[in-house]
Amino acid sequence: MKNIGIIIETDIRESDAEELDKSEVKAICFGMITLARQKNCELFAFVFNAEIKDLKSELESFGITNLVNVVLAPEHQNNPAVRAKAMVNAVKDFNIHAVLGLSTPMGKDLLPRAAAQLDAPLVMDCIHVDLENFLAKTSHYSGKAIATIKTAGETLIFGIRPNAVEPVMAQASARILKFDGTDLVATKLKVIKTGKNDKSANINLAEADIIIAGGRGMQNSENFNLISKCAERLNAALGASRVAVDEGWVPYSMQVGQTGEKVSPKVYIACGISGSIQHFAGMKTSRMIIAINRDENAAIMSNCDYYAKSDVLKIIPRLTELLKNG
Amino acid sequence: MQIYVCVKHVPDSAASITIIDDTGIDKNITFLLNPFDEHAITQATKIRDSKTEEGIPNSEVIAVCLGPDDAQNTLQSALAMGADRGILIQTSENHDSIFTAKALKAAIDQDGTVDLILTGKESIDTEGMQTMFRLGALFDFSVANSIVKLEIEDGHAIVDHELSGGIVNTYQMSLPCVIGAGKGLNTPKYPTFPDIVKARKKIIKKIALADLNIEDSSASMTIVKLEPLQQKRNPVEIKGDAGQIAEQIVQILKQEAKVIS
Ligand SMILES: Cc1cc2nc3c(=O)[nH]c(=O)nc-3n(C[C@H](O)[C@H](O)[C@H](O)COP(=O)(O)OP(=O)(O)OC[C@H]3O[C@@H](n4cnc5c(N)ncnc54)[C@H](O)[C@@H]3O)c2cc1C
Ligand SMILES: Nc1ncnc2c1ncn2[C@@H]1O[C@H](COP(=O)(O)O)[C@@H](O)[C@H]1O
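A quick note: this is a predicted structure, and the numbers were derived from the prediction, not measured.

(A) Layout of unusual backbone geometry. The linkage connecting leucine 175 of chain B with the following residue, proline 176 of chain B, adopts the cis geometry, with an omega of -5°. Assignment of secondary structure puts proline 176 of chain B in the loop between strand 11 (168-174) and strand 12 (177-181). Of note in the backbone geometry, aspartate 125 of chain A takes a positive phi value of approximately 55° without being a glycine. Mapping aspartate 125 of chain A onto the fold places it in strand 7 (residues 122-130). Classification of aspartate 125 of chain A by relative accessible area gives buried; the value is 4%.

(B) Summary view of the domain arrangement of chain B. Annotation of chain B at the domain level lists domain 1 (2-212) and domain 2 (233-261). Each of domain 1 of chain B and domain 2 of chain B was reduced to a C-alpha centroid, and the two centroids are 45 Å apart.

(C) Quick look at the nonpolar core. Ile8, Ile33, Leu59, Leu100 and Phe158 of chain A are the most contacted members of the largest nonpolar core, which totals 45 residues. For this core, the element with the most residues is helix 1 (residues 29-36) of chain A, which contributes six residues. Aside from chain neighbours lying at most four places away, what touches isoleucine 33 of chain A is Ile6, Ile8, Leu43, Leu59, Phe62 and Ile64 of chain A. Of all hydrophobic cores here, the second largest spans 42 residues; its members include Met254, Met288 and Leu323 of chain A together with Ile238 of chain B.

(D) Main features of empty space enclosed by the protein. If you walk through the whole model with that rule in mind, you get five cavities of 30 Å³ or more. Taken together, 22 residues form the lining of the largest cavity, with Lys108 and Glu261 of chain A together with Lys121, Ser146 and Glu162 of chain B sitting closest to its centre. Elements with a minimum of two residues in the lining of the largest cavity: helix 4 (105-118) of chain A together with strand 9 (142-153) and strand 10 (156-162) of chain B. Considering only residue class, the lining of the largest cavity consists of five nonpolar, ten polar and seven charged.

(E) Main features of the site of ligand 1. Around ligand 1 sit 27 residues, and of these Arg216, Ser241, Thr259, Ser274 and Asn293 of chain A come closest. One finds residues of chains A and B in close proximity to ligand 1. Measuring from a nitrogen atom of ligand 1, one finds a side-chain N or O atom of aspartate 311 of chain A at 2.8 Å. Within the backbone of valine 312 of chain A, an N or O atom sits 2.9 Å from a nitrogen atom of ligand 1.

Cut-off values and rules
- Residues numbered from 1 in each chain as written.
- Chains lettered and ligands numbered in written order.
- Predicted model: local features only at pLDDT ≥ 70, side-chain atom pairs only at ≥ 80, totals over all residues.
- Heavy atoms only, no water.
- Helix = DSSP H or I, 4+ residues; strand = E, 2+ residues; numbered from the N terminus.
- Buried < 20%, exposed > 50% of the residue type's maximum accessible area, 1.4 Å probe, protein only.
- Domains from an automatic or database assignment.
- Core = buried A, V, L, I, M, F, W, Y, C linked by side-chain atoms within 4.5 Å.
- Contact = heavy atoms within 4.5 Å.
- 1 Å grid on protein atoms, 1.4 Å probe; cavity = no way out; pocket = protein on both sides within 12 Å on 5 of 7 lines; lining within 4 Å.
- Points joined across faces, edges and corners; volume = space filled by probe spheres on them.
- Nonpolar A, V, L, I, M, F, W, Y, C, P; charged D, E, K, R; others polar.
- Near = heavy atom within 4 Å.
- Polar contact = N/O pair within 3.5 Å; in protein donor to acceptor, adjacent residues only side chain to side chain.

Okay, structure coming up:
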């Protein structure tokens, strides 16, 4: 019997005035839990300072058998070094053999911190993990190759690319456990300011089901408002090519590609993007790619699922209109 | 201030990759300085050259690389971008991040006293995203990665860590520490011809990996297979005028992708 740990990320769902805000499990976690399920395994879900009762039934419906609330002192709960210490100690306490987390901003910070302290192997951005044979598949050479990596060590850690695995339900019931990390502190790193996760801000690229991205073909920052309106209707995240960022039309945080965010949405709509190797490095693994480009010889047109040879500035407003009416 | 910058020798992202022997690539392509490490070098030279109140006089920027003989070119680029000298830990093999961090630590220890270590936030070949954290654990220094702002003040580093969507956290870290440079940190200062010529006079110290006596650890990550990413897409054209195209896209999103209802 092996214990597998899964780092769960949560969101706050705002409720009506009468009710309290509720925590919910981020949808991108369910594919990761599906991947972790094995014969003869206990699945330990780790959450940080969470309201367990809000999360329990959702996690059980995907097969979680132990739900561990990692409790940190409120003044330290945003400190990445404290979180990592708590995770390291919890992994030891619960005798965890393999840990799965997401390759999200939180996972990219927490997982390597913990791996370094445990001297454990770590593979980030996995598109598949085989826990029986300790193998992980991940992208190499800017997405041009897939490497299968064999890990060896007492504890194995894997960062899973969001949306890489299709979630499948499997009912279980879970024990509620607690890890008390309230005495943990970090003296060498202090958090002096945390940016607020403003819900009204752009939907997180790595988590989005749909991404609409604009490139040089968008021509200026005003035209980006066109795709931004469309994205709002679709509940999509906004992305961009490096040219759009370098031109100053949109912030760097929107860049998709080798030196930007790596994404695997269900649908990637590329608007006026030529499809350079470096851009593909970040969105190659999208389930469906739709390209709108004036030039049918653009690289993206021969490497997508659907393409429209047309002026993106004409298509997007029509699309937004249709979404409003339909 | 003694600033060590870890620089990796990686294939040019524009080069096409040919896989040989199932786990390696044909190395007969252009290699260069890992793009994120350019930001690290640029920041290190900025700190060295800054004339702040406290002043950080007598600062030295040392670029360190674990790589093959050819990686001298990558160190040469780092020197042309402003590093004062380089250290090449020579190896003909590929090593995982666990081993790499140990080798970098041993070479830095052998060279001098550290005040600050800079790395890139990620290497573009193996995309490990972890070497900086392992270095920090070995030195027992604190670490922050994906940093978009860095200031040195009263023995501390004040850094902005970029999460997604432009959300930023600010940390105060005691020195020495390890910092992974994100793209937003600065605009790399590309060398001019005189910089390149001047860099040729700078020193690159070579260390044979074997001389560092690094113990293999029981934990490891080994590439057992490398395959080209399959491209199985068969593009289908969406035809018509703007309205018709938009309508078909809506249908595809509804019926095939099932992302809207
Ligand atoms: C080390 C390195 C790292 C890089 N990292 C990244 C990265 O992370 N992400 C990234 O994106 N790039 C990256 N690049 C840059 C990359 O090489 C390309 O330059 C960039 O992706 C091109 O952006 P683009 O497609 O928007 O522009 P272009 O290549 O100029 O393409 C614009 C396209 O828009 C089309 N178009 C123009 N007007 C219209 C219209 N009205 N309607 C429809 N179509 C129109 C054109 O036909 C053309 O195909 C990197 C480069 C290097 C060297
Ligand atoms: N072989 C190496 N030599 C020098 N620095 C390295 C090496 N490998 C990784 N690094 C540094 O660690 C950073 C992160 O690498 P990685 O963990 O592979 O994503 C890189 O940007 C480099 O600064």
